[in-house]
Amino acid sequence: MDSSRIAGSVALITGGARGTGATIARRLAGLGTTVVIADVDTVMGRATAAAIDGHFVECDVRGWAENSAAVSETLRKYGKLDLVALNARADAAFRPGEAFDVAGYRRSMSVNLDGVVYGALAALPALRGSGGGEIIATTSVADLLPATSDAVYGASQAAVVGFVRALGRRWAEHRVRINALCVGIAEAEYLDTAYDTVHEAEVADAFLSVLTGAGTGESWSVLPGAALMPFTFGESPVEQEPSTEGGRR
């Protein structure tokens, strides 16, 4: 989606009631995009949507039916869908030394991974029906670097990157781009100010840069004080030339 297509487009933002999702929603609305906020927080969700003359739909991203319903409601209300921002994320599931909690594990994986998989797959037919579109999943740099403080959280985020990379080329034939925005520690009310955080406005800037770019299947790192750039993955072993000994290099 080039910058000229932002005005007049329709966007669905999961986890858009507050925080980074709300900041992205406000930025898009200011550029002429009609925004649908999908969130479990009905109070803040409706307030955010009302402030930008948008629309709110209650949605728990852990369920396929709810993701599908959010897309259907967007089409019913506005007749098309051009952009999906998959921004809903669960907090860290565990801390070092804590006992394994099955419920916490399932919640982290369901919100962080299922929410992206369900959200993207539910939106694909609608985006194709609009002649193409954009999907951007907001994840964490824990998907690119070892998340030693919470392996489960890191695993859920890394899985999102794998999902995005796999679908980038495949969905290009449908004129649908899908990318990941991998954010460092974003500012939040519960964080100690000692953390070097990425401001929500910086994340929104990065979001727009990726949105108006040309790449697909990419993972863009957003870190405090660092330039926005796509992460470079190593060479795939299955694409390497055979060694002289007849094995793989």
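The rules behind each value
Residues numbered from 1 in each chain as written. Predicted model: local features only at pLDDT ≥ 70, side-chain atom pairs only at ≥ 80, totals over all residues. Heavy atoms only, no water. Helix = DSSP H or I, 4+ residues; strand = E, 2+ residues; numbered from the N terminus. Buried < 20%, exposed > 50% of the residue type's maximum accessible area, 1.4 Å probe, protein only. Contact = heavy atoms within 4.5 Å. Phe/Tyr/Trp six-rings, centres within 6.5 Å; stacked < 30°, edge-to-face > 60°. Pairing = 2+ DSSP bridges. Axes fitted to C-alpha atoms, helices over the stretch in contact; angles between N-to-C directions. Expected span 1.5 Å × (residues − 1). Core = buried A, V, L, I, M, F, W, Y, C linked by side-chain atoms within 4.5 Å.

Undergrad: How do you make sense of the overall build of the chain when you look at a structure like this?
TA: Counting its regular elements, the chain contains six helices and eight strands. When the helices and strands of the chain are listed from N to C terminus, the series reads β-α-β-α-β-α-β-α-β-α-β-α-β-β. Among the 249 residues that make up the chain, the fraction classed as buried is 49%. Contacts spanning at least 24 positions in sequence make up 64% of the contacts within the chain whose residues lie at least 6 apart.

Undergrad: Just to check I follow, could you spell out the packing of aromatic side chains for this structure?
TA: Ring pairs (aromatic) are described by centroid distance and by the angle formed between their planes. One pass over the full model with this rule turns up two aromatic pairs. With a centroid separation of 5.9 Å and an interplanar angle of 75°, the aromatic rings of Trp 64 and Tyr 118 are classed as edge-to-face. In this pair, Trp 64 sits in helix α3 (residues 64-78) while Tyr 118 sits in helix α4 (residues 102-129), placing the two residues 54 residues apart along the sequence. Residue classification places Trp 64 among the partly exposed residues on the basis of a relative accessible area of 41%. On the basis of an interplanar angle of 50° and a centroid distance of 5.8 Å, the ring pair of Phe 100 and Tyr 105 is categorised as tilted. Under the relative-accessibility criterion, Phe 100 is labelled exposed at 57%.

Undergrad: Just checking my understanding: could you explain the sheet that holds strand β3 (residues 55-58) for this structure?
TA: Pairing between sheet strands relies on hydrogen bonds along the backbone, with the strands arranged either parallel or antiparallel. Strand order across the open sheet formed by eight strands is β3-β2-β1-β4-β5-β6-β7-β8, with mixed pairing between neighbours. With partners counted over all chains shown, the strands left at the sheet margins are β3 and β8 (229-230), one partner each. Relative to β8, strand β7 (residues 219-222) runs antiparallel, the two being bridged by two bridges. Following the sheet pairing, Trp 220 is matched in β8 by Pro 230. Against the sheet, helix α2 (residues 42-51) makes contact with β2 (34-39) and β3, and its axis sits at roughly 160° relative to β3, the strand it touches most.

Undergrad: It is not clear to me how α3 should be interpreted in this structure. Could you clarify?
TA: It helps to recall that an α-helix has 3.6 residues per turn; residues three or four apart then point in one direction. Given a rise of 1.5 Å per residue, 15 residues ought to cover 21 Å, and the 21 Å separating the end C-alpha atoms of α3 matches this to within 8%. Elements that come into contact with the buried residues of α3 comprise β1 (10-14), β2, β3 and α4. Positive backbone phi, approximately 85°, marks Gly 79, located one or two places after α3.

Undergrad: Just checking my understanding: could you explain the nonpolar core for this structure?
TA: Note on soluble globular proteins: their nonpolar side chains tend to be buried together. Leu 81, Ile 135, Trp 171 and Ile 178 are the most contacted members of the largest nonpolar core, which has 38 residues in total. At the level of elements, β2, α3, β4 (83-86), α4, β5 (133-140), α5 (151-172) and β6 (176-183) are the ones that each hand at least two residues to this core. With sequence-adjacent residues up to four places away left out, Ile 178 is seen in contact with Ala 120, Ile 135, Phe 163, Val 164, Leu 167, Gly 168, Trp 171, Thr 216, Gly 217 and Glu 218. In this structure, Leu 28, Ala 85, Val 183 and Trp 220 belong to the second largest nonpolar core, which totals 26 residues.

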